[in-house]
Amino acid sequence: MAPALVWLTALMVVPCALVLALAFFRRGIYGGIDYTFTLENFGLVFDPLYAGIFLKSARIAGTATLIAVVIGYAAAYAIAAAPRRWQPIFLFFAVLPFWSNYLIRTYAWIVLLNREGLITQLLRWFGYTGEPPSMLYTEGAVIAGLVYNYLPFVILACYAPLSRLNPELAEASRDLGASAATTFRRVILPLTVPGIAAGAVFVFVLSIGNFVTPALLGGGRFQMIGNLVYDQFLTANDWPFGAALAMALIAIMLLVLMLQALAADRAAGRAAEASGGADG
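Just so it is clear, the structure is predicted and the values come from calculations on it, not from any experiment.

### Digging into the overall build of the chain
In step 1: A tally of helices and strands in the chain yields 13 helices and 2 strands.
In step 2: Its C-alpha atoms put the chain at 75 × 60 × 35 Å along the principal axes.
In step 3: Evaluated residue by residue, the chain yields a buried proportion of 37% over its 280 residues.
In step 4: Taking as baseline every contact in the chain between residues at least 6 positions apart, the subset at least 24 positions apart corresponds to 69%.
In step 5: Here the chain has roughly 16,000 Å² of accessible surface; of this, 70% comes from carbon and sulfur atoms.
In step 6: Treating the 16 positive side-chain charges of the chain as one cloud and the 14 negative ones as another, the clouds have centres 6 Å apart.

### Quick word on the nonpolar core
In step 1: Ranked by internal contacts, the top residues of the largest apolar core, which has 35 residues, are Ile 60, Val 142, Leu 146 and Leu 217.
In step 2: Only helix 3 (48-81), helix 4 (87-95), helix 5 (102-113), helix 7 (139-164), helix 10 (193-208) and helix 11 (212-217) provide two or more residues apiece to this core.
In step 3: The biggest single contributor to this core is helix 7, with 12 residues.
In step 4: Those residues in contact with Leu 217, other than ones at most four positions away along the chain, are Thr 106, Trp 109, Ile 110, Leu 136, Tyr 137, Thr 138, Ala 141, Val 142 and Gly 145.
In step 5: Core analysis: the second largest hydrophobic core is formed by 22 residues, Leu 22, Val 45, Leu 228 and Val 229 among them.

### So, the UniProt feature "transmembrane region" (unreviewed entry) in the chain
In step 1: As annotated by UniProt and renumbered to match this structure, "transmembrane region" (unreviewed entry) occupies residues 6-25, 37-55, 61-82, 89-110, 141-162, 183-208 and 239-262.
In step 2: Here residues 6-25 is 85% helix and 0% strand, with 28 Å between the C-alpha atoms at its ends.

### A few points about unusual backbone geometry
In step 1: The backbone of Tyr 137 shows a phi angle near 60°, a positive value even though the residue is not glycine.
In step 2: As for its position among the elements, Tyr 137 is in the loop between helix 6 (118-125) and helix 7.
In step 3: Positive phi is not limited to glycine here, since Asn 237 has a value of about 60°.
In step 4: Along the chain, Asn 237 falls in the loop between helix 12 (225-234) and helix 13 (239-279).
In step 5: For Asn 237, a relative accessible area of 30% corresponds to the partly exposed category.

### Let's talk about a nonpolar patch on the surface
In step 1: A cluster of nonpolar side chains, contributed by Trp 86, Ile 89, Phe 90, Phe 92, Phe 93, Leu 96, Phe 98 and Trp 99, occupies part of the molecular surface with about 800 Å² of accessible area.
In step 2: Locating Trp 99 in the fold gives a position in the loop between helix 4 and helix 5.
In step 3: For Trp 99, a relative accessible area of 66% puts it in the exposed group.

### Some remarks on the packing of helix 3 against helix 7
In step 1: Orientation of helix 3 relative to helix 7, taken along the N-to-C sense of each, is 40°, at an axis distance of 6 Å. Put simply, helix 3 runs oblique to helix 7. At the point where helix 3 passes helix 7, the crossing takes the right-handed sense.

### Focus on the environment of Gly 195
In step 1: Along the chain, Gly 195 turns up in helix 10.
In step 2: Along the chain, Gly 195 and Val 69 lie 126 residues apart, while their C-alpha atoms are 10.0 Å from each other.

### Points about the packing of aromatic side chains
In step 1: Counted according to the given criterion, the structure contains 18 aromatic pairs.
In step 2: Relative to Phe 184, the ring of Tyr 73 has its centre 5.9 Å away and its plane inclined at 70°; by these criteria the two rings are edge-to-face. Placement of Tyr 73 in helix 3 and of Phe 184 in helix 9 (residues 180-191) is noted, with a sequence separation of 111 residues between them.
In step 3: The class of Phe 184 is partly exposed, set by a relative accessible area of 28%.
In step 4: Among the aromatic residues, those joined into a cluster by ring pairs are Phe 98, Tyr 102, Tyr 150, Phe 153 and Phe 202.

### Some thoughts on helix 5
Along an α-helix, residues three or four apart share an orientation, since each turn contains 3.6 residues.
In step 1: Taking 1.5 Å per residue, 12 residues should reach 16 Å; helix 5 reaches 17 Å between its end C-alpha atoms and fits that length.
In step 2: Buried within helix 5 are the following residues: Tyr 102, Arg 105, Thr 106, Trp 109, Ile 110 and Leu 113. Along the axis of helix 5, the buried residues cluster in a sector spanning 155°; they form a single face.
In step 3: Capping the start of helix 5 is the job of one residue whose side-chain oxygen sits 2.8 Å from the backbone nitrogen of Leu 103: Asn 101.

### Structural notes on the UniProt feature "domain: ABC transmembrane type-1" (unreviewed entry) in the chain
In step 1: Taking the UniProt record as the reference, the feature "domain: ABC transmembrane type-1" (unreviewed entry) is found at residues 54-260.
In step 2: Secondary structure across residues 54-260 comprises 76% helix and 0% strand; the distance between its end C-alpha atoms is 20 Å.

Cut-offs and rules
Residues numbered from 1 in each chain as written. Predicted model: local features only at pLDDT ≥ 70, side-chain atom pairs only at ≥ 80, totals over all residues. Heavy atoms only, no water. Helix = DSSP H or I, 4+ residues; strand = E, 2+ residues; numbered from the N terminus. Buried < 20%, exposed > 50% of the residue type's maximum accessible area, 1.4 Å probe, protein only. Contact = heavy atoms within 4.5 Å. Areas by Shrake-Rupley, 256 points an atom, 1.4 Å probe, with all protein chains shown as cover. Lys, Arg positive; Asp, Glu negative; His and termini not counted. Charge placed at Lys NZ, Arg CZ, Asp CG, Glu CD. Core = buried A, V, L, I, M, F, W, Y, C linked by side-chain atoms within 4.5 Å. UniProt positions renumbered as here; feature names shortened; annotations may be inferred. Patch = residues over 30% accessible without salt bridge, like charges linked within 9 Å, V, L, I, M, F, W, Y side chains within 5 Å. Salt bridge = Lys/Arg side-chain N within 4 Å of Asp/Glu carboxyl O. Axes fitted to C-alpha atoms, helices over the stretch in contact; angles between N-to-C directions. Parallel < 35°, antiparallel > 145°, perpendicular 65-115°, else oblique. Left-handed = near helix turned anticlockwise from the far one by under 90°. Phe/Tyr/Trp six-rings, centres within 6.5 Å; stacked < 30°, edge-to-face > 60°. Expected span 1.5 Å × (residues − 1). Arc of directions from axis to C-beta. Polar contact = N/O pair within 3.5 Å; in protein donor to acceptor, adjacent residues only side chain to side chain.

Shown next as structure tokens:
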């Protein structure tokens, strides 16, 4: 394990420690760092202005996560229910967007959503003659971009437990008189919670710290926490406050990962009990 531990320490632990250390200093008069110890940066994180940006970022990331989980789980369920020979092909198409650059995928949404884009042209082809709808540079456009870019993570995370699910459990449920909806709600869904939780964590963690999608599809009309951190480091030249914001964001991510681990442990216990009951 030594090579892996050295790699993680050098490229993750040490950089995070350096960012944390920066958060305890002041911004210089002309930018940069004044090595005077202070806790003001962490107090400023809880200022209503910046706390509001955190809450807005969490709301946008949460909405994108919910949509991605619903769509991704349905897609993963359909793939797992397909014949075995077709499943690799469907998975290939699910991850095909990853073959292109993230920026290219995001710019594609600009082509789709702008006032002279493909969606507007399609509406006019169907006979719509009114004012083109304002779809680009909105919160909805940002959410759509986040869902599209991170949806494959959810599909893969949900497909794994669905493909390993023992079909005898669902069969036993139906034999005992449960409907298809009841079997899904009380047997299939609880046993696939780890995959759902993993996919949700992927989308939420990557979305809440994202700054490219809000900048391109939001047009700079509103900020998420990733944009705020970016601006502090590269525009305001306030590295200490940017470091404090970054550490607050990391703390949120760690909390989400901890909750996901707890949900996975509980689901694993239920799966073991279900398997024991089925064997009996």
